[in-house]
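Architecture at a glance
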Amino acid sequence: MALSGALVSTQAFAAEEETKLENVEKIAVVGSRAAPRSIGDSPVPIDIISSDDLKKNGSTDMIDMLVTSVPSFNSRAQPISDAATLVRPVNLRGLPSDSTLVLVNGKRRHRASVIAFQGGGINDGAQGPDISVIPGVALKQVEVLRDGAAAQYGSDAIAGVMNFVLKDDSEGGSITVSQGEYYKGDGATTTVDGNIGLPLTDDGFVNISAQYKNADATSRSVQRFDAANLIAQGNTEVKDPAQIWGNPEINDDYSIFINSGFDINDKAHLYAFGNYSSRDVVGGFYYRNPHNRGNVYSNDEGETLLVGAVNGDQSSCGVVPIPKVDTNGDGIPDADGNVLTSQPYLDMVADPNCFAMNQIRPGGYTPQFAGTVEDRSFFAGVKGEVGEWNYDASAGTGNNKSTFSLRNSLNPSLGLDTPTDFETGAYEQVESTVNLDFSRFINVGLSEDISFATGFEWREESFEITQGEEASWIAGPYADQGFNIGSHGFKGFGPESAGKNSRHNIGIYADTEAYIGERWLLGAALRYEDFSTFGDTLNYKLTAQFSATDELSFRASHSTGFRAPTVGQENVVNTQTSIVNGDLIQTFIAPPTNPLSAFYGGKVLKPEESVSNALGMVYEDGDFFLTVDYYHIKVEGRIAQSSQISVEAEDYDALRAAGVDHPELISAVTFYTNDFDTTTQGVDIVGSYDTELLSGHAKFSLAYGWTDTSVDKYDLATTDAGKVRRLEDGIPAHRATLTWAQSWDDLSMTLRGNYFGEYYATHADDTSDWGSEVADAAVTVDLEVSYALTDGLTLSVGANNLFDQKAQKLKDGTLGELGGVYYESGPFDYNGGFYYGRLSYRF
């Protein structure tokens with residue numbers, strides 16, 4: 001079992017060929033740097049999911065495919081989540097997405113440019129790779145190492161490693177067309193994918209895969225109370241519903257992967273692989289009420305209209321009170337009964353010196369957040385043998401760029417001259433890696449030769465912010481009159497934010513593994529890394545496996561690890577809009593060393609440090625396979641986004657002196673900080689049983705995960721109790737998947753039950769009692785039936801969430817306030833049942 005930078009020996013090539021045959025042991029190339037071995041013989045837990053297993057799912061998103069296959073792997077849909085809508089974060093073993101190292105063909109995959117500012121608690125502020133760009137049709141298998149591996153690979157491997165192995169066939173291929181939609185009648189998704197293997201003379205191959213997808217938006221919304229009131233009072237400019245809670249619209253989502261190899265001779269092999277992917281995403285934002293939205297319509301919570309003066313003298317325009325009406329019939333005007341008639345606007349139009357933003361958006365407005373995500377990579381190398389040594393020399397680069405825009409918004413500080421659509425700028429992540437790895441077997445007189453591996457890695461990564469158009473960030477002439485600066489909802493990146501930051505690091509490792517006698521397998525790894533920004537680190541890992549009998553073995557590991565803060569986390573700038581206690585709060589996200597952050601406690605980021613321990617057993621007897629693994633991960637100085645820290649009026653003068661412009665227009669600030677010490681523990685159980693049943697072949701599979709996280713220490717100045725609870729209870733402690741796969745000659749069926757335990761449900765960032773509660777456990781059922789029409793043509797029909805299990809509904813009192821039906825945080829798709837059909841042709 002070899003890890004990412006691992007040197008694959010000639011034995012590995014043989015093992016890879018074996019996996020093409022039916023009814024052979026699953027062989028992994030992650031976990032150690034010795035020759036690949038059966039997952040049952042591994043001293044660390046590994047899951048292998050084949051390409052065919054991945055496809056037995058209505059979703060064509062790689063994240064959804066893996067959620068049903070890997071214990072302790074979680075993700076969720078992202079409605080109204082700023083940039084997290086574009087790249088959905090995941091977590092393995094209760095840790096954020098950037099604590100799992102992602103590989104493609106054993107090489108480090110670059111991270112996404114998007115940072116999950118609203119990542120559902122665990123992933124708040126995480127910057128992991130975008131694995132959704134990897135189509136299932138391009139894969140031979142996915143290998144998931146559920147064990148800390150920083151000592152073998154370096155940063156990002158605290159939770160584990162995922163290796164996506166691309167197809168390497170030199171002939172044959174497939175074409176698949178699938179179509180589906182939710183029971184509700186929305187979210188229609190069409191996917192076309194294909195794969196073809198071509199020979200590269202008699203000594204090589206080129207394998208090409210492509211996928212194209214479009215997905216309509218969904219809506220699980222109700223009309224907001226305030227919007228309904230405005231409509232009742234005669235405001236005809238308000239939509240019903242005023243805002244949409246649902247999946248974003250995805251257009252022109254395509255991805256192309258190419259994998260190639262060529263045997264120079266019997267001792268040297270050239271290889272190259274890469275991808276180009278792109279998609280356009282449009283999602284919703286929060287509704288801006290036209291009588292009380294601060295710094296746009298009113299600055300006194302809807303008592304009076306915010307009126308601007310062209311000549312700068314607001315007193316000359318007078319005060320425009322917003323009348324309140326009795327909406328519930330008790331004879332008392334109530335707080336949310338404000339109503340705007342057309343007369344105040346007519347009066348202001350009559351006075352060319354005075355204006356209000358209601359003249360442009362009299363019914364309020366709901367911005368739309370849009371983005372284009374482009375992802376590309378290329379790796380090439382040569383591997384082979386020189387004497388007793390195996391070598392692998394490679395170099396590669398990858399980049400991910402997210403270009404943002406905002407529609408149906410305003411820059412209030414520009415007054416009535418404001419545009420309503422904005423190009424707000426872009427984030428771009430670029431990473432380049434060079435690896436040189438060596439491995440061999442050494443005979444020291446033991447029952448088997450010792451494997452030894454060593455190598456070197458050089459890596460550089462950069463994070464760049466591209467400036468948006470001027471109207472999206474400029475402080476217009478009315479900023480000093482209390483009007484918000486920049487495109488409202490997502491301020492564009494100005495010249496002070498734009499720029500490129502980078503760092504580089506080197507890593508050197510040594511890895512050895514040996515059988516001591518016939519029953520003991522022992523391994524050790526040591527890795528030294530030096531970063532240009534914060535210095536060096538040394539980490540180690542020890543593994544052991546004891547074969548008690550031919551069927552039963554026990555395994556254990558102990559390791560130290562680290563995760564370096566990303567360049568993006570150190571330098572990102574953004575404006576985030578959140579709901580707290582039902583109110584919209586606009587928060588400025590700043591680098592931790594920015595004057596605003598530093599004033600409220602921001603400091604230079606340091607790496608996270610971890611200690612991981614694991615203990616497990618493997619039982620394998622014929623067609624029965626079972627693994628049980630316990631893990632315990634302690635992380636110190638965990639990097640996370642701070643809670644929203646209010647910018648107080650008494651601090652304005654000091655902030656201006658520190659260089660902060662217009663602090664009175666900033667409600668709150670948040671930044672990255674080494675905020676937490678956490679302990680995460682859990683148990684993963686994976687089992688399978690093959691048997692003859694109902695005149696056909698049956699396979700039963702179980703994947704169960706128990707995960708528990710406790711926050712041991714946190715900074716009261718930058719973190720609130722609600723954020724701590726989201727970290728501890730934001731995902732179900734218990735999750736299980738039981739699958740029955742049945743096949744006959746031309747007919748096959750997959751029936752899967754998914755259990756999700758209780759969890760702490762919140763809506764957006766609201767962790768108050770008003771906006772959160774403990775959600776009930778739930779069970780969903782997936783079913784797929786396939787029939788082989790001919791030797792190569794197969795028709796499949798199925799449904800995810802067959803019985804339309806509903807997600808946790810919001811409390812009655814919050815439904816109308818927030819405009820959504822279900823809690824935004826949840827372990828399964830809140831959109832309900834999804835049915836689909838798929839036609840596949842293999843040649």
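First things first, this report covers the structure right here in the doc. (Residues numbered from 1 in each chain as written. Predicted model: local features only at pLDDT ≥ 70, side-chain atom pairs only at ≥ 80, totals over all residues. Heavy atoms only, no water.)

**Section: the side chain of Ser278**
Heads up, the condition is: For helices the rule is a DSSP run of H or I covering at least 4 residues; for strands it is a run of E covering at least 2, with both sets numbered from the N terminus onward. Three exposure classes are used, based on accessible area relative to the maximum for each residue type with a 1.4 Å probe and protein chains only: buried under 20%, partly exposed in between, and exposed over 50%. Any two residues whose heavy atoms approach within 4.5 Å at even a single point are treated as in contact.
As for its position among the elements, Ser278 is in strand 14 (residues 268-284). Judged by relative accessible area, which is 10%, Ser278 ranks as buried. Not counting residues up to four positions away in its chain, the partners in contact with Ser278 are Asp252, Asp253, Tyr254, Thr372, Val373 and Glu374.

**Some points on the state of the cysteines**
Inclusion rule: When the sulfur atoms of two cysteines come within 2.5 Å, that pair is taken as a disulfide.
Going through the model one piece at a time under the given rule, you end up with one disulfide. Two residues, Cys317 and Cys354, share a disulfide whose sulfurs are 2.0 Å apart. Between Cys317 and Cys354 the sulfur-sulfur dihedral comes to about -95°; the bridge is accordingly left-handed. Of this pair, Cys317 sits in the loop between strand 15 (308-309) and helix 6 (343-350) while Cys354 sits in strand 16 (residues 354-355); the two residues are 37 residues apart in sequence, bridging distant segments of the chain. On the accessibility criterion, Cys354 (5% relative accessible area) is buried.

**Examining the sheet that holds strand 7 (residues 107-108)**
Threshold: Here a strand pair is declared whenever DSSP counts at least two bridges between the two strands.
Ordered by their spatial adjacency, five strands build an open sheet running 3-8-9-6-7, and the pairing between neighbours is mixed. Looking at strand neighbours, the two that pair on one side only are strand 3 (46-50) and strand 7, the edges of this open sheet. As defined by bridge partners, strand 8 (residues 139-145) adjoins strand 9 (residues 160-166) across six bridges and the pair is classed as antiparallel. Within the sheet, the bridge partner assigned to Val144 lies in strand 9 and is Met162.

**Regarding the side chain of Gln429**
Selection criterion: For the purposes of these results, a polar contact is taken to be a pair of N or O atoms within 3.5 Å, where, inside protein, one atom must be able to donate a hydrogen and its partner to accept one; residues adjacent in sequence count only when each atom of the pair is a side-chain atom.
Here Gln429 lies in strand 19 (residues 422-442). Reaching out from Gln429, the side chain makes a polar contact with the side chain of Gln127 at a distance of 3.1 Å. Side-chain polar atoms of Gln429 contact the side chain of Glu461, separated by 2.8 Å. Excluding residues that lie within four positions of it along the chain, Gln429 makes contacts with Arg111, Ala112, Ser113, Gln127, Gly398, Asn399, Asn400, Glu461, Ser462 and Phe463.

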